[in-house]
Amino acid sequence: MRLFTRYNPIMRDSTASAKKHLKKALEERAFVRGKDERIIQASGAIAPESEWLFDIRRIVMEPEIMRDIATLFWHTFSQKKPTQIGGLEVGAIPLVTELVAHAHYRRDRKDVSGFFIRKSRKKTGLTRMVEGQLHKGRRVILVDDLTNSGKSFVRQVEVLESLGHTVEAIWVIVRFRDEDYYAYFKEKNIALHSVFDLNDFADTLGTKNLTKKNPPPPPAQSFKVHWKFASANPSYHYVVPKSDPAIDEHRVYIGSDAGVMYALNQSDGTTAWSYRVGFHVKGKGIFSSPALHDGTVYFGGYDGNVYALDANTGKRKWVSLEADWVGSSPALAPELGLLFIGLEYGLWKKRGGIAALDLKTGRTAWAYRDMPCYTHSSPLYLKKHRQIVIGSNDGGAYLFDARRGTLVWKYTAGTLTEEELRTGFSAHDIKESFAYDEKRDLIIFGTMSGQLCFVRRKDGTLAGSFQAEFGFNASPVICGNAVLAASLDKHLYCIDLDTFKERWRWHAGARLFATPVIIDGTIYIGANTGRLTEIDPETGAEKVSVTLTERITNKIAYNPSTRRFFVPTFANELYCMEKIETATV
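Residues numbered from 1 in each chain as written. Predicted model: local features only at pLDDT ≥ 70, side-chain atom pairs only at ≥ 80, totals over all residues. Heavy atoms only, no water.

(A) Quick peek at the pairing of strand β33 (residues 502-507). Across five bridges, strand β32 (residues 491-496) lies against β33 in antiparallel orientation. Bridge pairing in β33 places L492 opposite W506. Between β32 and β33, which pair antiparallel in sequence order, lie five residues; one of them, F500, sits at a positive phi of approximately 65 degrees. (Pairing = 2+ DSSP bridges. Helix = DSSP H or I, 4+ residues; strand = E, 2+ residues; numbered from the N terminus.)

(B) Broad picture of the sheet that holds strand β4 (residues 112-117). In spatial order, the strands read β5-β4-β3-β6-β7-β8; together these six strands make up an open sheet with mixed pairing. Whereas interior strands pair on both sides, the edge strands pair on one side only; in this sheet they are β5 (130-131) and β8 (191-197). In the sheet, strand β3 (residues 83-88) pairs with strand β6 (residues 139-147) via four bridges, with the strands oriented parallel. Paired with I85 across the bridge in β6 is I141. Packed onto the sheet, helix α2 (residues 63-76) meets β3, β4, β6, β7 (167-175) and β8 and runs at close to 140 degrees relative to β7. Sheet strands touched by helix α3 (residues 92-105): β3, β4, β6 and β7. Its angle to β4, the strand with the most contacts, is close to 175 degrees. (Contact = heavy atoms within 4.5 Å. Axes fitted to C-alpha atoms, helices over the stretch in contact; angles between N-to-C directions.)

(C) Focus on the nonpolar core. One finds L26, F54, V143, W171 and I173 to be the most contacted residues of the largest nonpolar core, which totals 38 residues. At the level of secondary structure, the elements contributing two or more residues to this core comprise α1 (15-30), β2 (52-54), α2, α3, β6, β7 and β8. Among all residues touching F54, those that are not within four sequence positions of it are L26, A30, F31, L146, V174, F176, L198, F201 and L205. Counting 22 residues, the second-largest nonpolar core is a separate cluster that includes V130, L134, I170 and I190. (Core = buried A, V, L, I, M, F, W, Y, C linked by side-chain atoms within 4.5 Å. Buried < 20%, exposed > 50% of the residue type's maximum accessible area, 1.4 Å probe, protein only.)

(D) Quick look at the confidence of the model for the protein chain. Looking at the protein chain as a whole, its pLDDT mean stands at 91, while 94% of the residues score no less than 70. Confidence drops under a pLDDT of 50 for residues 1-12, and excluding neighbours within four residues, the segment shows 18 contacts in the predicted structure. Overall, residues 210-214 carries pLDDT values under 50, and its contacts beyond four positions in sequence, including any with other chains, amount to eight contacts. (pLDDT = per-residue confidence, 0-100.)

(E) Region of the structure containing a positive patch on the surface. On the surface, a cluster of positive charge is contributed by K119, K123, K490 and R511. Overall, the relative accessible area of 38% leaves K123 in the partly exposed class. (Patch = residues over 30% accessible without salt bridge, like charges linked within 9 Å, V, L, I, M, F, W, Y side chains within 5 Å. Areas by Shrake-Rupley, 256 points an atom, 1.4 Å probe, with all protein chains shown as cover. Salt bridge = Lys/Arg side-chain N within 4 Å of Asp/Glu carboxyl O. Lys, Arg positive; Asp, Glu negative; His and termini not counted. Charge placed at Lys NZ, Arg CZ, Asp CG, Glu CD.)

(F) Spatial organisation of the sheet that holds strand β39 (residues 564-568). Reading across the sheet, the four strands line up as β9-β40-β39-β38 and stay open at both edges, with antiparallel pairing between neighbours. Two strands close off the open sheet at either side, each with one partner strand: β9 (223-230) and β38 (557-559). Here the average twist between neighbouring strands, direction ignored, is 20 degrees. Inspection of the sheet shows β9 paired to strand β40 (residues 573-579) by seven bridges, in the antiparallel sense. Its bridge partner being in β40, F223 is matched across the sheet by K579.

(G) Spatial organisation of the pairing of β3. Of all the six residues making up β3, six are buried; the element is thus mostly covered by neighbouring parts of the structure. Neither face of β3 is open: one carries T83, I85 and G87, the other Q84, G86 and L88, and all of them are buried. Of the pairings in the sheet, the one linking β3 to β4 comprises six bridges and is parallel in character. Across the sheet, residue Q84 finds its bridge partner in β4, namely S113. Between the parallel pair β3 and β4, the chain is carried across by α3, and the sense of this crossover is right-handed. (Right-handed = clockwise from strand over helix to strand, strands pointing away.)

(H) Quick look at α2. The end-to-end C-alpha distance of α2, which contains 14 residues, comes to 20 Å, matching closely the 20 Å that a straight helix rising 1.5 Å per residue would cover. Within α2, 10 of the 14 residues are buried, which leaves the element mostly enclosed by the surrounding structure. Residues I65, M66, R67, D68, I69, A70, T71, L72, F73 and W74 constitute the buried set of α2. (Expected span 1.5 Å × (residues − 1).)

In structure tokens form, the structure reads like this:
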């Protein structure tokens, strides 16, 4: 017995009546005003009563509404040719399901299939980005309930193109902006269809046409990819900052999850040499970022060793066997002839430390091994004061005399429980490195409890703090009289160094692990959306962006002589790109 009846044009499924019925449902049951329900803005604040939104998901799975949507969709795409319909989780999933089912059982279309794209790659199992079978040669149509900025569709297009598929069209129920706003899709010959736009509700709901307001239309993908390198066996399980790229005049150096350090030619991305470290936990080979000095590449490995390799040949100069694991990145003090790096041990209540190694021989000049939790943080060398500061998972920031290894002070961000001591992790982990404000003599760092700390270098006392909604897993960066701090609460904060108050915040749309970089007076930062964005340092406004297929959890590198950007992803990819100067659409 058939569960669905064949499509009958005599039923209410005409496009005119379907559109009328759907519009009424949107107006009466999907439109939400701030005065009636609490609406939370991207900043985390409660929206004023005058604000509104469309919550189409509250009606989209009702049978009558689903039938109206399918009727309108298949009226737009009435041409019979093999079709695959997809969209981004979770909003597009019920739409894709209904549209495919409608095609099969009401229109007798057996050449229609569906899929959905994950917001981020699954970390376990088959680690897929796309769920469902993609078919070569079938037209691809992306769907969603509405579109505003169009950024989520840009990501989907990039993912599908990386898999060898071309998107033919996009279909949404409500479009917020004029068609000219979506220049990215026009340039790719992707048709954008919508059942309604905001003007259709101006009389009944009083919606304003956002196309006439700020923000201005975004520019197209303003970067040209010269080459892309992908190392073997990436670990999708660890969504954290991994190995940052480091560059010299001709090469770029970067570590991989599989435990291989690569030297790539900047001109074409070919491998100049590679070096494999010793035995390590699977998926955690080299998270340490390489440091370059005098023709030598320095880095740590999760085999517990610190390495110095010849930058030209990749030949090993020396290896230090100081620790059980090394996830920290080295800080160099050439005038002292020393390298500083964090260490991790598998000992009870003695899990972390720091070592100063001779740059030429790798001999240990001094070491401190009494940190009670693991030390993944990377040290920062304060050249003017000949001091080194490092953080640990005990929430402690340790300042040492760089030459002698004497502990000057320890600042503790929070107290430890017995359970935290047992595991080696705490709520106040200091995961990344530090910033130093020389003008105010402040050491700045973030904790996983969401506290951005401003500590006086002279005595280790707290001068001020800023609290984010979630933790910091990126290093802060000084930007004029402010500090930039990327948080796991999806915001990049600009904090005034005199008042410790927020100047502005930028909402990334996903968690931020990447440390921001300042290039030619502007900010660049990657996000878990896979998007690299240029941001105005004065206002926090977006300038240009480019969307990649995987999450960006590390800071980028830039060669000013060639004007090329080197952008890593957590999937052990490295893109070499050049910015294209184009006018805003």
